[in-house]
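One letter stands for each residue in the lines below.
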Amino acid sequence: MASYPITGSSFLETRLMNNAALLSQPMPHIHVPAPAAPQPAWSVEAVLALFELPFADLLFQAQQTLRAHFAPNAVQRSTLLSIKTGNCSEDCGYCSQSKRYTTDLEAHNLMALDEVVAAAQAAKDKGASRFCMGAAWRGPKDKDMGPVLDMVRAVKALGLETCVTLGMLKEGQAQQLREAGLDYYNHNLDTAQEFYEEIVTTHTYQDRLDTLRSVREAGLKVCSGGIVGLGESRLHRAGLIATLANLDPPPESVPINNLIAIPGTPLANNEPTDIFEFARTIAAARITMPRSYVRLSAGREQMSEAEQALCFLAGANSIFYGDKLLTTSNPQMARDEALFEKLGLHGV
């Protein structure tokens, strides 16, 4: 067979000529689809499917999720103090603090700093790790911020995590709270957006979302949850959980409240929520927000020990700890200690 030696230079020239010829040809059109819009991590339909699982299957999945991210028998304990009570301008249908309703609530102006510090120290001495301060305002005025900031600094100096719930925040207020040492800001969504106007009309769902955004942008941790028993449907409960889970990131703390029907409020005659439906709501929150503390919050006073135990099985790993929960009673600390002993739980 004849051979045709090619010198290094002629070989390179041949390759370059071939490449140039290929590049001169028109390239075929390749369709690259536009990136799809990002989908929510949890659709309402997906959360609703969790609610509709057999009860044991749902609790099993919730326990698996809890154990993957937390010590399973540790319960975070917070104490909540109402630092300013009543005379609120808003019309939240569940709340005795609205001045629009006639209830047995006794209104109080903003507490003195030394009273707040004494309450925080007592809470710490009894085992609470976080101290939450609530004021019944639409939102704090500029003149209110100075005393509240002093409270945050003083409670933080005791070695407690700090949390406040003051209503809607104006520009710059979240940053002021952050600079004072605040850890958490609580602002609940209450229910699904589609049901919200049945409960509150003096501010919008978007107002609440805007406050949560400003809190997050200031570098604060978010505490946000909702209330079961407002008259909402299971679909609305799934919508609330989906909205919380799709916040970016989800709240670090998610209180799930069971409505306390207070005489004189528009929801005074609401029927109590079935405990299994309430536990399903806690389980759905646990599964969709695996790294969040899910708090068994308002309504514990009305629950038996067995019902509370069911909620812990469903994935709750936080409680409010103390004798008062803003303006309604809460299981006494001694009762909580006895229940923890029976269940093998311990506070953190």
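In case you missed it, the structure is sitting above this.
Residues numbered from 1 in each chain as written. Predicted model: local features only at pLDDT ≥ 70, side-chain atom pairs only at ≥ 80, totals over all residues. Heavy atoms only, no water.

> It is not clear to me how helix 3 (residues 55-69) should be interpreted in this structure. Could you clarify?
The periodicity of an α-helix, 3.6 residues per turn, causes residues three or four places apart in sequence to face the same way. Along its 15 residues, helix 3 runs 22 Å from first to last C-alpha, staying within 8% of the 21 Å computed at 1.5 Å per residue. Of the residues making up helix 3, those classed as buried are Phe55, Leu58, Leu59, Ala62, Gln63, Thr65 and Leu66. All buried residues of helix 3 fall inside an arc of 160° around its axis, so they share one side. Relative to its buried face, helix 3 has exposed residues pointing more than 90 degrees away, namely Ala56, Phe60, Arg67 and Ala68. Contacts from the buried residues of helix 3 go to helix 2 (44-51), helix 9 (275-288) and helix 10 (305-313). (Helix = DSSP H or I, 4+ residues; strand = E, 2+ residues; numbered from the N terminus. Expected span 1.5 Å × (residues − 1). Buried < 20%, exposed > 50% of the residue type's maximum accessible area, 1.4 Å probe, protein only. Arc of directions from axis to C-beta. Contact = heavy atoms within 4.5 Å.)

> Hey, could you run me through the environment of Thr211 in this one?
Relative to the helices and strands, Thr211 is located in helix 7 (residues 205-217). Spatially, the C-alpha atom of Thr211 lies 7.7 Å from that of His187, the residues being 24 residues apart in sequence. Sequence-distant contacts of Thr211, defined by excluding residues within four places in its chain, comprise Gly167, Met168, Leu169, Tyr185 and His187.

> Where do I start with the pairing of strand 7 (residues 253-258) in this structure?
The buried fraction of strand 7 is high, at six of six residues. Burial along strand 7 is two-sided: Ser253, Pro255 and Asn257 and Val254, Ile256 and Asn258, pointing in opposite directions, are all buried. For strand 6 (residues 226-228) and strand 7, the ladder comprises three bridges, and the chain directions are parallel. Within strand 7, the position partnered with Val228 by the bridge is Asn258. After leaving strand 6, the chain enters helix 8 (residues 234-245) and then returns to the sheet as strand 7, a path that is right-handed. Pairing analysis gives four bridges linking strand 7 to strand 8 (residues 293-296), with the strands arranged parallel. Residue pairing across strands places Ser253 opposite Tyr293, the latter belonging to strand 8. (Pairing = 2+ DSSP bridges. Right-handed = clockwise from strand over helix to strand, strands pointing away.)

> How should the pattern of salt bridges be read in this particular structure?
Any two side chains of opposite charge can pair, given that their charged atoms come close. According to the stated counting rule, one finds 17 salt bridges in the structure shown. Residue Arg138 pairs with Glu90 through a salt bridge whose shortest N-O separation is 2.9 Å. Residue Arg138 is located in the loop between strand 2 (130-135) and helix 5 (142-157), and its partner Glu90 is located in the loop between strand 1 (74-84) and helix 4 (113-125); the two are separated by 48 residues in the primary sequence. Under the relative-accessibility criterion, Glu90 is labelled buried at 5%. Here Lys156 ties to Asp183 by a salt bridge, and the two come within 2.8 Å at their closest N and O atoms. Of this pair, Lys156 sits in helix 5 while Asp183 sits in the loop between helix 6 (173-180) and strand 4 (184-186), and the two are 27 residues apart along the sequence. According to the relative accessible area criterion, Asp183 is buried, its value standing at 17%. (Salt bridge = Lys/Arg side-chain N within 4 Å of Asp/Glu carboxyl O.)

> Looking at this structure, how should I read the environment of Glu90?
Sequence separation between Glu90 and Arg100 is 10 residues; the distance between their C-alpha atoms is 7.8 Å. Other than its neighbours up to four places away in sequence, Glu90 contacts Ser98, Arg100, Arg138, Thr202 and His203. A distance of 2.8 Å separates the side chain of Glu90 from the side chain of Ser89, its partner in a polar contact. (Polar contact = N/O pair within 3.5 Å; in protein donor to acceptor, adjacent residues only side chain to side chain.)

> Looking at this model, I keep getting lost on the pairing of strand 1. Mind explaining?
Two faces make up the sheet, and in a regular strand the side chains alternate between them. Within strand 1, 11 of the 11 residues are buried, which leaves it mostly tucked inside the rest of the structure. As defined by bridge partners, strand 1 adjoins strand 12 (residues 346-347) across two bridges and the pair is classed as parallel. Following the sheet pairing, Ala74 is matched in strand 12 by His346. As judged from the three bridges shared by strand 1 and strand 9 (residues 318-320), these two strands associate in the parallel manner. Bridge pairing in strand 9 links Arg77 to Ile319. Pairing analysis gives six bridges linking strand 1 to strand 2, with the strands arranged parallel. Note on strand 2: the bridge partner recorded for Leu80 is Cys132. Chirality of the crossover, the property in question, places the unit of strand 1, helix 4 and strand 2 among those that are right-handed.

> How should the packing of helix 2 against helix 9 be read in this particular structure?
Between two packed helices, the angle of one axis relative to the other and the distance separating the axes together describe the packing. Between helix 2 and helix 9, whose axes approach to 9 Å, the crossing angle comes to 130°. Considered as vectors, helix 2 and helix 9 are oriented oblique to each other. At the point where helix 2 passes helix 9, the crossing takes the right-handed sense. Residues Val47, Leu50 and Phe51 of helix 2 form the contact with helix 9, whose participating residues are Glu277, Arg280, Thr281, Ala284, Ile287 and Thr288. Class assignment for the residues of the contact of helix 2 with helix 9 results in five nonpolar, two polar and two charged. (Axes fitted to C-alpha atoms, helices over the stretch in contact; angles between N-to-C directions. Parallel < 35°, antiparallel > 145°, perpendicular 65-115°, else oblique. Left-handed = near helix turned anticlockwise from the far one by under 90°. Nonpolar A, V, L, I, M, F, W, Y, C, P; charged D, E, K, R; others polar.)

> Just checking my understanding: could you explain the packing of aromatic side chains for this structure?
Geometrically, a pair of aromatic rings is defined through the distance of the ring centres and the angle of the planes. A full pass over the atoms with the stated rule returns four aromatic pairs. Seen in terms of ring centroids, Phe55 and Phe276 are 5.3 Å apart; in terms of plane orientation they differ by 90°. Their pairing is edge-to-face. Of the two residues, Phe55 sits in helix 3 while Phe276 sits in helix 9, which places them 221 residues apart along the sequence. A relative accessible area of 43% means that Phe276 is categorised as partly exposed. Relative to Phe340, the ring of Phe312 lies with its centre 6.3 Å away and its plane at 85°, an arrangement referred to as edge-to-face. Linking Phe312 in helix 10 with Phe340 in helix 11 (residues 333-343), this pair joins segments that are 28 residues apart in sequence. What makes Phe312 buried here is its relative accessible area of 7%. (Phe/Tyr/Trp six-rings, centres within 6.5 Å; stacked < 30°, edge-to-face > 60°.)

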